[in-house]
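# Residue-level structural notes
Here are the chains, one letter per residue:
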Amino acid sequence: MRFLADIWPYLFAASSLVLAIATTVHAILNKEDTAAAVAWAGVIWMVPVLGPLVYVVLGVNRINRRAQSRRHAMRRFGGETGADSIAQKLDWAETELGPLIALVDKITRRRVLSGNAFQPLVNGDGAYPEMLAAIHSAERSITLTTYIFNNDSVGRQFVDALALAVRRGVLVRVLVDAAGTRYSFPSIMGPLRRAGIRCARFMPTWLPWRMAYMNLRSHRKVLVVDGRIGFTGGINIAEGNQLAAHPARPVQDLHFRIEGPVVRHLQEVFVEDWTFTTGEILEGEAWFPELEAAGDSLARGIPDGPDDTFDRIRQIAFGAITCARESIIIVTPYFLPDSALINALNTAAMRGVGVDIVLPSENNLLFVQWACMAQIERVLRWGCRVWLTPPPFDHTKLMIVDRAWTLLGSSNWDPRSLSLNFEFDVECYDEGLAGTMTELAKIKIAAARQLTRDDVRNRPLPIQLRDGVMRLFSPYL
């Protein structure tokens, strides 16, 4: 015993050293982002034992290998061929955005599809009635994945509608992010199960209720009915999105009803997530019917996440900025882009492109707002315009280029969306939709206050220090 008492400090030190070396090697070999690798190395060595353990829990991406092991069971379903899609693609190739189509082809390895129709749905007031009507009309299948599905009056409306569909013999699958189920208590999973609805939680976590804000979350919002009608955008299922009901914490947002061949892309991303979570493979006509043209939009679904779809949205946003000739409009609740995207926006502004960034004046995440204010001067410096919209909090996510190209979906302009979470967006080459979205953004800008460099520079020193410190944590916010 005396011998062990004498040598245990040396054993502890040796074990700590081995653990630090092993986790540092793992970070160096597996973290593609240099800044992230350096930051994790600092945590590992500055906080002995605890630092490596924190890295093992939060820094190791276990989902990549697990996702790839599931994918061998997946099928790629037909229906993406056709001369019409190719002809419309060639027409767009003659425009300034032709290089963007080629870029996204290579990034996604997925064909852009013609014949789609998009209907913008503003707030839950516009989205929920359309979504519920589609669920009530379902004949064969319903798939729904969302980040937040609250057990409130709105959530129960969806449970009731889905339960009725189950009783009609409709095949129903519901996937909710495990952290997202914790925004209400008790969670919605109990009512879903009691209603006989097949449901699952994406990536359950062992952390306590108050620590739900974690990496590797599914931030996707996708509803597909009968494989033919799709909904996606930024809206979760919660009372706060119904502004007409005057909720305690109102949230502005935007969703889209989609018909046409691109609905297959929405269904595919759900099926991959469902198979990954439950092991059940959904295939066949009930889930993937043949889809006919429903409109004139050229579109493509873009899954993004910390697996083999990593960094897609950031690369596409960078490419779209590079292709822009006249205007770029970004509407996002959280704006913490990396230096490459900031430099691209500044370069576009210096080329004479009008760059407008629309942000909420009052954010629901104070830490994110503080970090944003610490770095916003970097885009103001070279001519980008920043607009702060008045309450209620605006959760809208849009990017519009040259009134011709629109990126819509669940992604924010922050590291969590661009690197850590699973997202789903849709790019659309349609001057009509882009024009409508541009007008929507202009309405927001007309009601907003323009942020100037003087506003940022004249903040009191304690506020600047607070915001600057929070900026250091921006990769983890």
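Read on for an overview of the structure. (Residues numbered from 1 in each chain as written. Predicted model: local features only at pLDDT ≥ 70, side-chain atom pairs only at ≥ 80, totals over all residues. Heavy atoms only, no water.)

Let's shift gears to the packing of helix H13 (residues 366–375) against helix H18 (residues 461–471). Running from N to C, H13 and H18 cross one another at 100°; their axes reach a closest spacing of 7 Å. Looking at the two axes, H13 sits roughly perpendicular to H18. For the pair H13 and H18, contact is made by Phe367, Trp370, Ala371, Met373, Ala374 and Gln375 and by Arg466, Asp467, Gly468, Met470 and Arg471, respectively. Looking at side-chain class alone, the contact of H13 with H18 contains six nonpolar, two polar and three charged residues. (Axes fitted to C-alpha atoms, helices over the stretch in contact; angles between N-to-C directions. Helix = DSSP H or I, 4+ residues; strand = E, 2+ residues; numbered from the N terminus. Parallel < 35°, antiparallel > 145°, perpendicular 65-115°, else oblique. Contact = heavy atoms within 4.5 Å. Nonpolar A, V, L, I, M, F, W, Y, C, P; charged D, E, K, R; others polar.)

It is worth spelling out the pairing of strand E14 (residues 398–401) at this point. Residues Leu398 and Ile400 of E14 are buried on one face, and the alternating residues Met399 and Val401, pointing to the opposite face, are buried as well. Note: strand E10 (residues 327–331) against E14, four bridges, orientation antiparallel. In the strand pairing of E14, Ile328 is matched with Val401. Bridging between E14 and strand E15 (residues 405–409) involves four bridges; their strand directions are antiparallel. (Buried < 20%, exposed > 50% of the residue type's maximum accessible area, 1.4 Å probe, protein only. Pairing = 2+ DSSP bridges.)

Time to look at the packing of helix H11 (residues 312–323) against helix H12 (residues 339–350). Where H11 meets H12, the closest approach of the two axes is 9 Å, and the angle between their N-to-C directions is 15°. Judged by the inter-axis angle, H11 sits roughly parallel to H12. The handedness of the crossing between H11 and H12 is left-handed. Contacts between H11 and H12 involve Arg314, Ala317, Phe318 and Ile321 from the first element and Ala340, Leu341, Ala344, Leu345 and Ala348 from the second. In the contact of H11 with H12, the residues fall into eight nonpolar, no polar and one charged. (Left-handed = near helix turned anticlockwise from the far one by under 90°.)

The next thing to look at is the pairing of strand E3 (residues 171–177). Of all the seven residues making up E3, six are buried; the element is thus mostly covered by neighbouring parts of the structure. Pairing analysis gives six bridges linking strand E2 (residues 141–146) to E3, with the strands arranged parallel. Bridge assignment links Thr143 to a residue of E3, and that residue is Arg173. For the handedness criterion, the β-α-β arrangement of E2, helix H8 (residues 153–167) and E3 is classed as right-handed. Pairing geometry for E3 and strand E4 (residues 198–202), over five bridges, is parallel. Across the sheet, residue Arg173 finds its bridge partner in E4, namely Arg198. Assessed by its sense of winding, the connection that carries the chain from E3 through helix H9 (residues 189–194) to E4 is right-handed. (Right-handed = clockwise from strand over helix to strand, strands pointing away.)

What follows concerns a nonpolar patch on the surface. Taken together, the side chains of Leu17, Ile21, Val25, Ile28, Leu29 and Trp45 make up a nonpolar region of the molecular surface, amounting to roughly 620 Å² of accessible area. For the nonpolar patch, the leading source of residues is helix H1 (residues 2–30), giving five residues. For Val25, the location among the structural elements is in helix H1. Taking the relative accessible area as the measure of exposure, Val25 reaches 40% and is therefore partly exposed. (Patch = residues over 30% accessible without salt bridge, like charges linked within 9 Å, V, L, I, M, F, W, Y side chains within 5 Å. Areas by Shrake-Rupley, 256 points an atom, 1.4 Å probe, with all protein chains shown as cover. Salt bridge = Lys/Arg side-chain N within 4 Å of Asp/Glu carboxyl O.)

As a further point, take the side chain of Glu423. Residue placement: Glu423 occurs in strand E16 (residues 423–429). Within the structure, the side chain of Glu423 is placed 2.6 Å from the side chain of Ser410, a separation counted as a polar contact. In this structure Glu423 touches His219, Arg220, Ile302, Pro303, Asp304, Ser410, Ser411 and Ser417, once residues within four positions along its chain are discounted. (Polar contact = N/O pair within 3.5 Å; in protein donor to acceptor, adjacent residues only side chain to side chain.)

Structurally, Phe310 is set in the loop between strand E9 (297–304) and H11. For Phe310, a relative accessible area of 30% corresponds to the partly exposed category.

We now examine the pattern of salt bridges. A side chain of one charge can pair with a side chain of the opposite charge if their charged atoms are brought near each other. Here the structure, examined in full by the defined rule, presents 20 salt bridges. Among the salt bridges present, the one from Arg453 reaches Glu377, with a minimum N-O distance of 2.6 Å. Taken together, the residues span a long stretch of sequence, with Arg453 in helix H17 (residues 453–457) and Glu377 in helix H14 (residues 377–380) at a distance of 76 residues. Judged by relative accessible area, which is 27%, Arg453 ranks as partly exposed. A relative accessible area of 13% means that Glu377 is categorised as buried.

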